[in-house]
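Architecture and fold: a report
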Amino acid sequence: MKPVFHMQQLRKKHEGKENQALFANVTAEIADPTVIALLGVSGQGKSTLLRILASLEHADEGDIGLHNISQREMDPRLWRMKVCYVAQQSVMLTGSIEHNLKTVSLLHRIPYEDKLVNHLLPRLGLDHLDLSKSALELSGGEKQRISLLRALLLHPEVLLLDEITASLDRSSKQMVEQVLQEWHQQEGTTMIWVTHDIEQAKQISQTVWFMGEGTLLENCSTEAFFEQPATELARNYVQAPSVSYKEDPCPF
Ligand SMILES: Nc1ncnc2c1ncn2[C@@H]1O[C@H](COP(=O)(O)OP(=O)(O)OP(=O)(O)O)[C@@H](O)[C@H]1O
Ligand SMILES: [Mg+2]
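This text gives an overview of the structure that appears in the document. Every chain's residues receive numbers from 1 upward, in the order its sequence appears when written. Labels are handed out in written order, letters beginning with A for the chains and numbers beginning with 1 for the ligands. This being a predicted model, a pLDDT of at least 70 is required before a residue's local features are given, and a value of 80 or more before pairs of side-chain atoms are given or counted; all residues contribute to the totals for chains, interfaces and linings. Hydrogens are left out, water is left out, and the side-chain values use all remaining heavy atoms of the structure.

The next thing to look at is the site of ligand 1. Around ligand 1, a shell composed of 14 residues is seen, among which Glu15, Ser42, Lys46, Thr48 and His196 lie nearest. Distance and chemistry together define a polar contact, namely a pair of N or O atoms within 3.5 Å, with one atom able to donate a hydrogen and the other to accept it when in protein, and with adjacent residues in sequence counting only for side-chain atoms on both sides. Glu15 is positioned with one of its backbone polar atoms (N or O) 2.8 Å from a nitrogen atom of ligand 1. One of the backbone N or O atoms of Gly45 is found 3.0 Å from an oxygen atom in ligand 1. Areas reported as accessible are Shrake-Rupley estimates using a 1.4 Å probe. Residue values count occlusion only from the protein chains shown. Relative to its free-state accessible area of 630 Å², ligand 1 is covered by the protein chains to the extent of 71%. Near residues are defined by distance, with any heavy atom within 4 Å of the molecule or strand qualifying the residue.

Below is the structure:
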């Protein structure tokens, strides 16, 4: 059986430190559609790796493949349609929200699915939006969900999610998690989801990829990772107390 996705010996040079790598020897294979939580402390290169997987940046060495077809052999536009990146800081085009949603379909020459948009907007907590309004006026959290919807309209095979719930309130976050879990079950989409939210990682993923020491240090089931991390670095990561913000009264 061909793997859904693979990355082999990826290496990215460190842009500030000569002869050093931001990461190297990053190798993994995804045999069947799954949801992977990509974890690791800040600055390990998780976002950089996702951008490389999406063909928005390039690795200095190594290979990436979808169903054993190398990224190098596929037209980047087609690749980005199949392996779709949703950034933490979403970029909206000038024009209406609807224009933003439709542009993706136009660009990739696929029909615009009105019905799907109308089905997903309330499920993402966005039914209050007037789609004719300028997309630039959306809040950060609204932009995140519109850019997620924009990506879903492409029906990608692999969805790369970069802290996409980071600026959402708890209820909107749960809505996004629910939509994506159902989407994974219905469409069989593989998801590689970067998050710093341990509870979210436990809930949404079947597999954990843990980045540390400049490589993909652990690749195991989510249960095994949280119950018995194999490396000391991962043990410290799992045991680190999660940040809690004291609700002090505002002094101003
Ligand atoms: N070739 C490179 N490409 C991108 N970033 C690089 C590179 N070399 C070094 N860096 C640095 O390494 C870090 C990688 O950042 P990146 O955003 O990928 O990490 P991250 O794991 O996603 O962090 P966070 O959890 O804070 O989002 C940045 O500090 C960046 O300046
Ligand atoms: Mg990042």
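Having seen it, we continue.
With that settled, consider unusual backbone geometry. Although it is not a glycine, Asn19 adopts a positive phi angle of roughly 65 degrees. Relative to the assigned elements, Asn19 resides in the loop between strand 1 (5–13) and strand 2 (21–30). Put simply, DSSP H or I for four residues or longer makes a helix, DSSP E for two residues or longer makes a strand, and each gets a number counted from the N terminus.

Time to look at the pattern of salt bridges. By definition, a salt bridge exists where a carboxyl oxygen of Asp or Glu is found within 4 Å of a side-chain nitrogen of Lys or Arg. Per the stated rule, a full pass over the model turns up nine salt bridges. Between Lys82 and Glu157 there is a salt bridge whose closest N-O contact spans 3.7 Å. In this pair, Lys82 sits in helix 2 (residues 76–82) while Glu157 sits in the loop between helix 5 (140–152) and strand 7 (158–162), placing the two residues 75 residues apart along the sequence. Owing to a relative accessible area of 28%, Lys82 belongs among the partly exposed residues under this scheme. The salt bridge involving Asp197 is made with Lys173; its shortest N-O contact spans 2.6 Å. Taken as a pair, Asp197 in the loop between strand 8 (190–194) and helix 7 (198–204) and Lys173 in helix 6 (residues 170–187) lie far apart in primary sequence, 24 residues in all. For each residue, the accessible area found with a 1.4 Å probe, counting protein chains only, is set against the maximum for its type, and the residue is called buried under 20%, exposed over 50%, and partly exposed in between. A relative accessible area of 23% places Asp197 in the partly exposed class. With relative accessibility at 19%, the residue Lys173 sits in the buried group. Here the salt bridges share partners, and the residues they tie into one network are Lys12, Arg51 and Glu57.

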